[in-house]
Amino acid sequence: MKKIISTVFYLTLLMLALTGRAEITTVEDAIEAENIRINIDASLNGYVTGQECPTCPKIKLKIDRTSQAIRQGKSIHLHQATQLNGKFATLFFNPKTKLVTRIVW
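Residues numbered from 1 in each chain as written. Predicted model: local features only at pLDDT ≥ 70, side-chain atom pairs only at ≥ 80, totals over all residues. Heavy atoms only, no water.

Points about the environment of Thr-66
Then step 1. Looking at the secondary structure, you find Thr-66 in the loop between β4 (59-63) and β5 (68-71).
Then step 2. Exposure remark for Thr-66: the relative accessible area of 55% places this residue in the exposed category.
Then step 3. Counting along the chain gives 21 residues from Thr-66 to Asn-45, while the straight-line C-alpha distance between them is 9.5 Å.
Then step 4. Beyond its immediate stretch of four places on either side in the chain, Thr-66 contacts Leu-99 and Thr-101.
Then step 5. A distance of 2.5 Å separates polar atoms of two side chains, one belonging to Thr-66 and the other to Asp-64. (Helix = DSSP H or I, 4+ residues; strand = E, 2+ residues; numbered from the N terminus. Buried < 20%, exposed > 50% of the residue type's maximum accessible area, 1.4 Å probe, protein only. Contact = heavy atoms within 4.5 Å. Polar contact = N/O pair within 3.5 Å; in protein donor to acceptor, adjacent residues only side chain to side chain.)

Here it is in structure tokens:
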């Protein structure tokens, strides 16, 4: 019994050391933009620009057919989303590729 308890104790210590080496990676990032501009072509490829504040630099992110547009909790087509240019929106994107995953109004 004593040997089992000591084995469990040492295994627990080993697991703590291994979890300390875990690395956190950001899968998705987001900005709340005061006003956005969406530019897309017929194949739904394009970009969106936005600013977090009037004095903040503009951020330009890519859009493709996998990007989603959500207004008041309902999904809308990206071509309809261009009618919301100039409005406040939250842009969710992949920080490595700069590809927008969701635009939420």
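Continuing now.
Things to note about unusual backbone geometry
Backbone phi values are negative for most residues with the exception of glycine, while trans is the configuration of most peptide bonds.
Then step 1. Within the chain, Gln-72 stands out as a residue other than glycine whose phi angle is a positive 50°.
Then step 2. Secondary-structure assignment places Gln-72 in the loop between β5 and β6 (74-76).
Then step 3. Of note in the backbone geometry, Lys-98 takes a positive phi value of approximately 60° without being a glycine.
Then step 4. The residue Lys-98 is located in the loop between β7 (89-93) and β8 (100-104) in this model.
Then step 5. Its relative accessible area of 39% is what places Lys-98 among the partly exposed residues.

Structural notes on the pattern of salt bridges
Then step 1. Per the counting criterion, the structure on display carries 1 salt bridge.
Then step 2. Across the salt bridge formed by Arg-102 and Glu-28, the nearest N and O atoms sit 3.3 Å from each other. Placement of the pair is Arg-102 in strand β8 and Glu-28 in the loop between α1 (2-19) and β1 (29-33), with a sequence separation of 74 residues.
Then step 3. Of the residues examined, Arg-102 reaches a relative accessible area of 25% and is grouped as partly exposed.
Then step 4. By relative accessible area, which is 34% here, Glu-28 ends up partly exposed. (Salt bridge = Lys/Arg side-chain N within 4 Å of Asp/Glu carboxyl O.)

Side note on the nonpolar core
Then step 1. Ranked by size, the top nonpolar core spans 18 residues in total, and within it Ile-36, Ile-38, Val-48, Ile-63, Leu-91, Ile-103 and Trp-105 carry the most contacts.
Then step 2. Broken down by element, the residue count for this core peaks at 3 residues, all from β7.
Then step 3. Residues contacting Ile-103, with those up to four places away along its chain left out, are Ile-36, Ile-38, Ile-63, Gln-68, Ala-69, Ile-70, Ala-89, Thr-90 and Leu-91. (Core = buried A, V, L, I, M, F, W, Y, C linked by side-chain atoms within 4.5 Å.)

Spatial relationships are all this shows, so hold off on functional conclusions.
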